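Structural features, examined
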Amino acid sequence: MNIFKKFYCRVYQGAFRLMLPILPYRQPKPLQNCQDIVYTLQDHKIKSVLLVTDKGIRGLGLTHQLEDEIKENKIALSVYDKTVANPTTANVEEAVAMYKENGCQAIIAFGGGSAMDCAKATGARIACPKKSLAKMKGVLKVGKKLPLLIAVPTTAGTGSETTLAAVITDSETRHKYAINDFPLIPSYAALVPELTLGLPKHITSTTGMDALTHAIEAYIGRSTTKETRRRALYAVKTIFENIETAYNDGKNFKARENMLNASYSAGLAFTVSYVGYVHAIAHSLGGKYNIPHGLANAIILPYVLKRYGSKIHKKLWKLGVYAGLFNKQTSYEDGAKIFIEKIEELNKNMNIGTSIPEIVLDDIPELAKTAEKEGNPLYPVPVLWTTKELEDIYKEVKNG
């Protein structure tokens, strides 16, 4: 990378790191069940609420208990269930219209990362009615308090219930971008293991690997704090210990509960310490080909970790030792190798592939530009890469 651009990226990241103690990060208050959600709405004197979800989640009946309890307590309920994977600007505008038409005062995000992103972006548009989502792209472009936002994750993976980010796809251009600002952090997060018991295997695996990616990228980056390192270590260990149990025995309550807590912890870690090139690449593939985000992360993660090389060996070693994958007598290099192999083993055991053949070779230069623009200078990655270096990763991921 050009020395001047490299200098700019590191100074930018360093400035953010110095500001961490004074930035208004907050932790969503945990709720335990649907009744807690209703009590919270009542405490805030909410008379009308918008529930943002998708047809799949609602079709499984997961929202029924909450819907019934809200109605029984005489709170008006509107349901927007047209959210798609990789939610679009059109989704958001439809949800905003429903919110306004029904005089809503709060938003409940119910589902995986897509529902969370759609709900956050909806809140941002309501808070900033004269500003398009495109104008909120990037960092600290919202700037106004959102309506009360309660997040109810039905997957243990995205961590969106804790984050200041919403990832949206432009309906016309298919360009996928992130909106990052503190008002997007939900006020409450309802961690209800029962809602995850019926998840299909492929959702359990890919969202779980998404959470693992969050924790790893937060830990190996250059903007960590004592607290984010603690949360990332906990998340990595817990995921390694529980993800295959949750995958193979979907009704195992304890494994589901542990995965939800790990996802929450990983989300709190990467909200402060950010992610890296795994996410930048995955976002570009989601926007272009609609590849599910968790699946993309799971496949890309080993490739990126290998490419970082010796810069992250010690950190991967620390993660591996803490997770009980090997002992302290293992060398840094061998420990890092074992750690990456364990990730590949998880993918294999849960029927996650090693490649993304949907990638079109002629698209790679543009995809790499998109990822480079997202990653630099924002993400405090261990090693800075150019567009050309990112192109090489896309080629590896395509071919497996």
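Above: the structure in question.
Residues numbered from 1 in each chain as written. Predicted model: local features only at pLDDT ≥ 70, side-chain atom pairs only at ≥ 80, totals over all residues. Heavy atoms only, no water.

Note that Ser273 resides in helix α10 (residues 253-273). On the accessibility criterion, Ser273 (0% relative accessible area) is buried. Between the C-alpha atom of Ser273 and that of Thr224, which follows or precedes it by 49 residues, the distance is 5.2 Å. A distance of 3.0 Å separates the side chain of Ser273 from the backbone oxygen of Ser223, its partner in a polar contact. (Helix = DSSP H or I, 4+ residues; strand = E, 2+ residues; numbered from the N terminus. Buried < 20%, exposed > 50% of the residue type's maximum accessible area, 1.4 Å probe, protein only. Polar contact = N/O pair within 3.5 Å; in protein donor to acceptor, adjacent residues only side chain to side chain.)

The next point concerns the pairing of strand β8 (residues 176-180). Within β8, 5 of the 5 residues are buried, which leaves the element mostly enclosed by the surrounding structure. Burial of β8 is two-sided: the residues Lys176, Ala178 and Asn180 facing one way and the residues Tyr177 and Ile179 facing the other way are all buried. Here strand β5 (residues 138-139) runs beside β8; their pairing, made up of 2 bridges, is parallel. Within β8, the position partnered with Gly138 by the bridge is Ile179. The sheet contact formed by strand β7 (residues 165-169) and β8 spans 5 bridges and is antiparallel. (Pairing = 2+ DSSP bridges.)

So, on to the packing of helix α8 (residues 201-220) against α10. The geometry of α8 relative to α10 is characterised by a closest axis approach of 8 Å and an angle of 40 degrees between their N-to-C directions. For the element pair α8 and α10, the recorded crossing hand is left-handed. Across the interface between the two elements, Thr204, Gly208, Ala211, His214, Ala215 and Ala218 from α8 touch Arg256, Met259, Ser263, Ala266, Ala269, Phe270 and Ser273 from α10. For the contact of α8 with α10, the per-class residue count stands at 7 nonpolar, 5 polar and 1 charged. (Axes fitted to C-alpha atoms, helices over the stretch in contact; angles between N-to-C directions. Left-handed = near helix turned anticlockwise from the far one by under 90°. Contact = heavy atoms within 4.5 Å. Nonpolar A, V, L, I, M, F, W, Y, C, P; charged D, E, K, R; others polar.)

Generally speaking, a soluble globular protein has its nonpolar side chains buried in company with each other. Ranked by internal contacts, the top residues of the largest apolar core, which has 83 residues, are Ile216, Leu285 and Ile300. Among the elements that line this core, the one with the most residues is α10, at 10 residues. Setting aside anything within four residues of it in sequence, one finds Ile300 in contact with Val278, Ile281, Ala282, Leu285, Ile356 and Val397. Listed in part, the 29 residues of the second largest apolar core include Met116, Ala127, Cys128 and Ile168. (Core = buried A, V, L, I, M, F, W, Y, C linked by side-chain atoms within 4.5 Å.)

Before going further, it helps to examine the pattern of salt bridges. Using the criterion set out here, one finds 12 salt bridges in the structure. Residues Arg230 and Glu227 are paired through a salt bridge, measuring 2.7 Å at the closest nitrogen-oxygen approach. In this pair, Arg230 and Glu227 both sit in helix α9 (residues 226-248), 3 residues apart, roughly one turn of the helix. Assessed through its relative accessible area of 46%, Arg230 is described here as partly exposed. Residue Lys388 pairs with Asp392 through a salt bridge whose shortest N-O separation is 3.2 Å. Linking Lys388 with Asp392, this pair stays in helix α16 (residues 387-399), spanning 4 residues, or about one helical turn. Judged by its relative accessible area of 48%, Lys388 falls in the partly exposed class. When salt bridges with common partners are traced through the structure, they connect Lys55, Arg58, Glu67 and Asp81 into a single cluster. (Salt bridge = Lys/Arg side-chain N within 4 Å of Asp/Glu carboxyl O.)

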